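These are the residues of each chain, in order.
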Amino acid sequence: MLRNYFVTAWRNIIRHKTFTAINVLGLAFGISACFAIYLITSYELSFDKFHPDKERIFRIVGDAQSSSGEKEFLNCPVLDAAGIQQSIPGFEAKAGLIDFGEDVTIPDGNKPPKKFDNRIAGSYNTSTIITWPEYFDIFKYKWLQGNALTLSEPFKVVLSESRAKKYFGDIPLSSMIGKTVIYDDSLQVHVSGIVKDWEHNSDFNYTDFISISTATHSFLKNQIPTDDWNSLRPHNANAFVKLAKGVTAAQVNERLTAFVQKHSKELGPGNSLSLYLQPLTDIHFTKEFHRGDDGDDFRKPYLPTLYALMGVAVFILIIAVVNFINLSTAQSIQRAKEIGVRKVLGSNKKNIMFQFLTETFVLTVLSVIVSALLINPVLYLFKDYVPQGVTFHLFNLSTFTFLLIVTFLTTLFAGFYSAKVLASYLPVLSLKGSAFQKGTAKINLRKSLIVFQFTISLVFIIGAIVIGKQISFMDKADKGFNSDAIIVINHWRDSDGKLKIFANNIKHIPGIRKIIMQNHSPMGFAQEGQNFKYKGNEVIDQIVYFDEGDENFIPFYEMKILAGRNISHSDSLHDLVINETYSKMLGFENPQDAIGRFLYNNDKAYPIVGVVADFHQGSFHEAIHPAVIARMPGREWSL
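Note that this is a predicted model, so its numbers are computed, not measured. (Residues numbered from 1 in each chain as written. Predicted model: local features only at pLDDT ≥ 70, side-chain atom pairs only at ≥ 80, totals over all residues. Heavy atoms only, no water.)

**Some remarks on the overall build of the protein**
The condition is simple: Secondary structure elements are defined from DSSP: runs of H or I of at least 4 residues count as helices, runs of E of at least 2 residues count as strands, and each element is numbered from the N terminus. Classification of residues uses two cut-offs on accessible area relative to the type maximum, computed with a 1.4 Å probe and protein chains only: under 20% is buried, over 50% is exposed, and between them is partly exposed. Contacts are assigned to residue pairs with any non-hydrogen atoms lying within 4.5 Å of each other. The Shrake-Rupley method, run with a 1.4 Å probe, gives the accessible areas here. Residue values count only the displayed protein chains as cover.
The helix and strand tally for the protein stands at 17 helices and 20 strands. Within the protein, the proportion of its 639 residues that are buried is 45%. Taking the intrachain contacts of the protein between residues at least 6 apart in sequence as the baseline, contacts between residues at least 24 apart amount to 75%. Entry remark: accessible area of the protein is about 32,500 Å², with carbon and sulfur atoms responsible for 58%.

Laid out in structure tokens, this is it:
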């Protein structure tokens, strides 16, 4: 009997090729869009969900507010509050980690040494951290060689299996123990353990784990002077804890608040600090529209956008289903006599409904197959907007389960109403060619579905136009400076001047038109603040954005000078150019009036020699901040 249903369904599908093609493609496009959104959202929501006891793992973070009201998110405790690892009870395990992004050298006998970068594949994130043995009590790994206790000794490093094979080739893992790895050309450490790589999505896929005592026993002690949390610094460090069983985050947050209140006098007058626990599974997301104030270098999605995408996926699928229903009921006249004959020959309403549900199921399966063929081209077409790790594997368990659920739900919702309408036709009326019964209930429902379909479609069309205009705006909007054809190379803490040598070596390469040295670009996540004081009719003490660059900084970015002149060539901080927002904050409606005035930094006066037009420093969602442009050669770590 079931076989007969499928045979009959297939005959009807083949007989009505145009109807089949329209319905299959309509459903396929809807399912493809829904499926692409599913792949993106499931990928983003999967980060760091695989850890054992993940609900007990937290990062200690904070909010620092200056006397001027500026608020900054800290991704680890600041120096003045770093004693919490000894002072706060309730932790089963605790460990800090410090990013160490220097290049890697592997000696190779008499051959030239092998060189490797120090980045996690597919990201800007450093792959090496300096950490404590307790790190492996929080984040669980399978040990292939050695154990965590080896990180109690200086000049030891634990590697992931993939990294170890990348460094030393395809030799037994046991033979890699004791091998030398050199970081930053001179920090020699020896392999003491190897762990299996994580196979799940994480923002903390580190591959090289150097013992913390290595830092305090080497030239790094100037940067990392202690082996406790006093060496942690926001932006390049994190502090993780695993709560003891029975201890809640709220309890620890209260203890952190009490600790900060006790030590707040060390933070300076007018400044405030709050520390709290951030759940591990929340770290991948941000409530802001931008990076930069969180100290994390990894990509972060905006969680409300993911929820909005889920809603869009549901509505797209609903539109596809409603379209299927409308097409099926519109074709009902052609099927009326068939239904009449079936009923005369003894078929009941239940059998007819099942027949039409079977046809819907076959059409849905065809649509799912077409959507599976479309999904990779769709992902490629939108590759600039899709996270790099999103991939489609048909026989992945979660993917296959999702497709099965979509198939059966679509069959049920798309087929049930159509099957019920078609099965309800009276045999006599059907055979006479008048399928519809008296009354307008069914007709009105079909009209309602059509109105609903077109309404939602118009909403999506308008939404697509608005989003297109937003993307065009972001691409073409005036940022206040030129960013076209500019490449930025960073070498933070360039104490040995390698970046300047590199700049001199590449300036004559064909295709390079200009080179400048700077601390950071006018716009981006790495913005720096400095405190400047203006002593006019009233004292204005303000932390402002501080752009450090040479005398070519302003012409290089094609900023518009509204009054005065550019900064002069100097070997130290000499004169200042401010932006229009800062000029108005100081009380000068006319930018020319600011020229010749003095700003004080560390009680030393510096003249304002120019005012530039405002330029965006971050997201277009943010207001333009007061800014100062000046020359500080010792801090030009960007090219």
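From this point on, the discussion continues.
**Notes on the pairing of strand β8 (residues 156-160)**
Quick reminder of the rule: Strand pairing follows a simple DSSP-based rule, namely that at least 2 bridges must link the two strands.
Burial analysis of β8 places four of its five residues in the buried class, which makes it a mostly covered element. Relative to strand β10 (residues 187-195), β8 runs parallel, the two being bridged by five bridges. Bridging across to β10, Ser160 finds its partner in Val195. Both β8 and strand β11 (residues 208-211) contribute to a ladder of three bridges, which runs antiparallel. Along β11, the bridge assignment pairs Leu159 with Asp208.

**Considering the pattern of salt bridges**
The criterion, for reference: Any Lys or Arg side-chain nitrogen found within 4 Å of a carboxyl oxygen on Asp or Glu counts as a salt bridge.
Inspection of every chain in the model, using the stated rule, returns 14 salt bridges. Glu161 is the partner of Lys165 in a salt bridge, and the nearest nitrogen-oxygen pair spans 3.5 Å. With Lys165 and Glu161 both in helix α5 (residues 161-168), this residue pair falls four residues apart, about one helical turn. Through salt bridges that share partners, Asp53, Arg56, Glu92 and Lys242 make up one connected network.

**Overview of unusual backbone geometry**
Not every positive phi belongs to a glycine, and Asp53 is a case in point at roughly 55 degrees. Structurally, Asp53 is set in the loop between α2 (17-44) and β1 (57-65). Positive phi is not limited to glycine here, since Asn602 has a value of about 55 degrees. Take Asn602: it is sitting in the loop between β18 (598-601) and β19 (604-612). Using a relative accessible area of 74% as the deciding quantity, one classes Asn602 as exposed.

**Brief notes about empty space enclosed by the protein**
Take a probe with the size of a water molecule and roll it over the atoms, and the empty space left behind shows itself. To keep things clear, this is the line we draw: Using protein atoms alone on a 1 Å grid, points that fit a 1.4 Å probe yet trap it form a cavity, whereas open point sets bounded by protein on both sides within 12 Å along at least five of seven lines form a pocket; residues with an atom within 4 Å of a point count as lining. Grid points are joined across faces, edges and corners, and a volume is the space filled by probe spheres set on the points. As a working rule, the residues Ala, Val, Leu, Ile, Met, Phe, Trp, Tyr, Cys and Pro are called nonpolar, Asp, Glu, Lys and Arg charged, and the rest polar, with Gly in that last group.
One pass over the full model with this rule turns up three cavities of 30 Å³ or more. Estimated volume of the second largest cavity: approximately 70 Å³. Surrounding the second largest cavity, eleven residues form its lining, Asp99, Asn125, Tyr206, Asn238 and Asp297 being those nearest its centre. Within the lining of the second largest cavity, the residues separate by chemical class into two nonpolar, six polar and three charged.

**A look at the environment of Asn236**
Mapped onto the elements, Asn236 comes out in the loop between α7 (212-216) and β12 (237-243). Residues Asn236 and Asp296, spaced 60 residues apart in sequence, show a C-alpha to C-alpha distance of 7.9 Å. In contact with Asn236, not counting residues within four places along its chain, are Leu97, Ile98 and Asp99.

**Considerations on the side chain of Ser127**
Heads up, the condition is: For the purposes of these results, a polar contact is taken to be a pair of N or O atoms within 3.5 Å, where, inside protein, one atom must be able to donate a hydrogen and its partner to accept one; residues adjacent in sequence count only when each atom of the pair is a side-chain atom.
Mapped onto the fold, Ser127 is located in the loop between β5 (111-116) and β6 (128-131). Reaching out from Ser127, the side chain makes a polar contact with the side chain of Asn118 at a distance of 2.7 Å. Residue contacts for Ser127: discarding those within four places in its chain leaves Asn118, Arg119, Ile120, Arg163, Tyr206, Thr207 and Asp208.

**Looking at the packing of aromatic side chains**
Test applied: Note on ring pairs: Phe, Tyr and Trp rings are taken, using the six-membered ring of Trp, and paired if centres are within 6.5 Å. Classes follow the plane angle, with under 30 degrees stacked, over 60 edge-to-face and the rest tilted. Here, over-ring charges are defined by two tests on the NZ atom of lysine or the CZ atom of arginine: distance to the ring centre within 6 Å, and angle to the ring normal within 35 degrees.
All told, the structure shown has 31 aromatic pairs when counted by the stated rule. A network of ring pairs unites the aromatic residues Phe50, Tyr135, Phe136, Phe139, Tyr141, Trp143, Trp198, Phe204, Tyr206, Phe209 and Phe240 as a single cluster. Between Lys383 and the ring centre of Tyr380, over which it is positioned, the NZ or CZ distance is 4.5 Å.

**With respect to the nonpolar core**
Our working definition: Only buried residues count toward a nonpolar core. Its members are Ala, Val, Leu, Ile, Met, Phe, Trp, Tyr and Cys residues joined through side-chain atoms within 4.5 Å.
Core analysis: the biggest nonpolar cluster contains 69 residues, and Tyr135, Val181, Tyr183 and Phe209 have the highest contact counts within it. The contacts of Tyr135, once residues within four sequence positions are left out, are Ala95, Leu97, Ile129, Tyr141, Phe204, Tyr206 and Phe209. With 22 residues, the next largest nonpolar core counts Phe35, Ile40, Leu317 and Val386 among its residues.

**A few points about α5**
So the rule is basically this: Starting at the helix axis, one direction is taken to each C-beta atom, and the arc is that of these directions.
Taken residue by residue, α5 has Glu161, Arg163, Ala164, Tyr167 and Phe168 as its buried positions. Seen end-on, α5 carries its buried residues on one side only, within an arc spanning 160 degrees. Trailing α5 by a residue or two, Gly169 shows a phi angle of about 85 degrees, which is positive.

**Examining the side chain of Asn566**
Relative to the helices and strands, Asn566 is located in the loop between β16 (561-564) and β17 (576-579). Among the polar contacts made by the side chain of Asn566, one reaches the main-chain carbonyl oxygen of Glu551 at a distance of 2.5 Å. Leave out the neighbours within four places in its chain, and Asn566 touches Glu551, Ile554, Pro555, Ile561, Val577 and Val609.

**Examining the confidence of the model for the protein**
To be explicit about the condition: The quantity called pLDDT is the predictor's confidence in a given residue, expressed from 0 to 100.
Taken over all residues, the pLDDT of the protein has a mean of 85, while the share at 70 or more is 86%. Averaged pLDDT values over the elements of the protein bottom out at 53 in helix α13 (residues 427-432) and peak at 97 in β8.

**Here's the deal with a nonpolar patch on the surface**
This is how it is decided: The patch calculation keeps residues exceeding 30% relative accessible area without a salt bridge and links them within 9 Å when they carry like charges or within 5 Å when they are nonpolar (Val, Leu, Ile, Met, Phe, Trp, Tyr).
A surface patch of nonpolar side chains, amounting to about 760 Å² of accessible area, comprises Leu381, Phe382, Tyr385, Ile467, Ile471, Phe473 and Met474. Here the element with the most residues in the nonpolar patch is helix α14 (residues 441-476); it accounts for four residues. Mapped onto the elements of the fold, Met474 is located in helix α14. On the basis of relative accessibility, which here comes to 52%, the residue Met474 falls in the exposed class.

**Describing the environment of His393**
Within the secondary structure layout, His393 lies in the loop between α11 (349-381) and α12 (397-423). In this structure the C-alpha to C-alpha distance between His393 and Asn376, which are 17 residues apart in sequence, comes to 9.7 Å. Polar contacts involving the side chain of His393 include one to the side chain of Thr391, which spans 3.4 Å.

**Considerations on the pairing of β1**
Of all nine residues in β1, seven are buried; the element is thus mostly enclosed. As judged from the three bridges shared by β1 and β12, these two strands associate in the antiparallel manner. The partner of Ile57 across the bridge, within β12, is Lys242. Alignment of β1 against strand β13 (residues 272-279), held across eight bridges, turns out to be antiparallel.

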